[in-house]
Amino acid sequence: NKKNTVSNSQYQVNIVKPESAEQSDEIADSLKDGMAVLLNLSLVNEDTASNIYYFACGAAYALGGTMREIADRIWIIVPRGVKFLENSDEQQTEE
């Protein structure tokens, strides 16, 4: 499991690069702890990536979070209360 945590005094981002679907619980655990997750699925095959993606979608939904794809096979998942800023008009949006 490749994992890093980026943080400052207010926010933490858990960088998760799972090597198997068994490591998916780290995504939900991070969201439950109020951390954003940068999910990189580049180390797993398509089937495993799909399983992890669907788990992450369910965890984000159940915990009131939001997901966005930021690059091929890379997702940002934020906990409840965190909003994305759109680059085009810099207005806050919440999905």
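**A closer look at the confidence of the model for the protein**
Close inspection of predicted coordinates is inappropriate for parts of the model with low pLDDT.
Here comes step 1: Averaged over every residue, the pLDDT of the protein is 86; residues scoring 70 or more account for 82%.
Here comes step 2: Across the protein, element-level confidence peaks in helix H2 (residues 46-62) with a mean pLDDT of 97 and bottoms out in strand S7 (residues 92-93) with 47.
Here comes step 3: A low-confidence stretch, residues 90-95 stays under pLDDT 50, and its non-local contacts, those more than four residues away or across chains, total 15 contacts.

**Notes on the pattern of salt bridges**
Here comes step 1: For the coordinates displayed, the defined rule picks out two salt bridges.
Here comes step 2: The salt bridge involving Asp29 is made with Lys32; its shortest N-O contact spans 3.7 Å. Taken together, the positions of Asp29 and Lys32, both in helix H1 (residues 25-32) and three residues apart, correspond to about one turn of that helix.
Here comes step 3: The exposure class assigned to Asp29 is partly exposed, which follows from its relative accessible area of 35%.
Here comes step 4: For Lys32, a relative accessible area of 56% gives the class exposed.
Here comes step 5: One salt bridge in this structure joins Arg73 and Glu46, with 2.7 Å as the shortest N-O distance. On the criterion of sequence distance, the pair formed by Arg73 in the loop between strand S4 (66-71) and strand S5 (74-78) and Glu46 in helix H2 is long-range, its members being 27 residues apart.
Here comes step 6: Taking the relative accessible area as the measure of exposure, Arg73 reaches 18% and is therefore buried.

What counts, and at which threshold
Residues numbered from 1 in each chain as written. Predicted model: local features only at pLDDT ≥ 70, side-chain atom pairs only at ≥ 80, totals over all residues. Heavy atoms only, no water. pLDDT = per-residue confidence, 0-100. Helix = DSSP H or I, 4+ residues; strand = E, 2+ residues; numbered from the N terminus. Contact = heavy atoms within 4.5 Å. Salt bridge = Lys/Arg side-chain N within 4 Å of Asp/Glu carboxyl O. Buried < 20%, exposed > 50% of the residue type's maximum accessible area, 1.4 Å probe, protein only.

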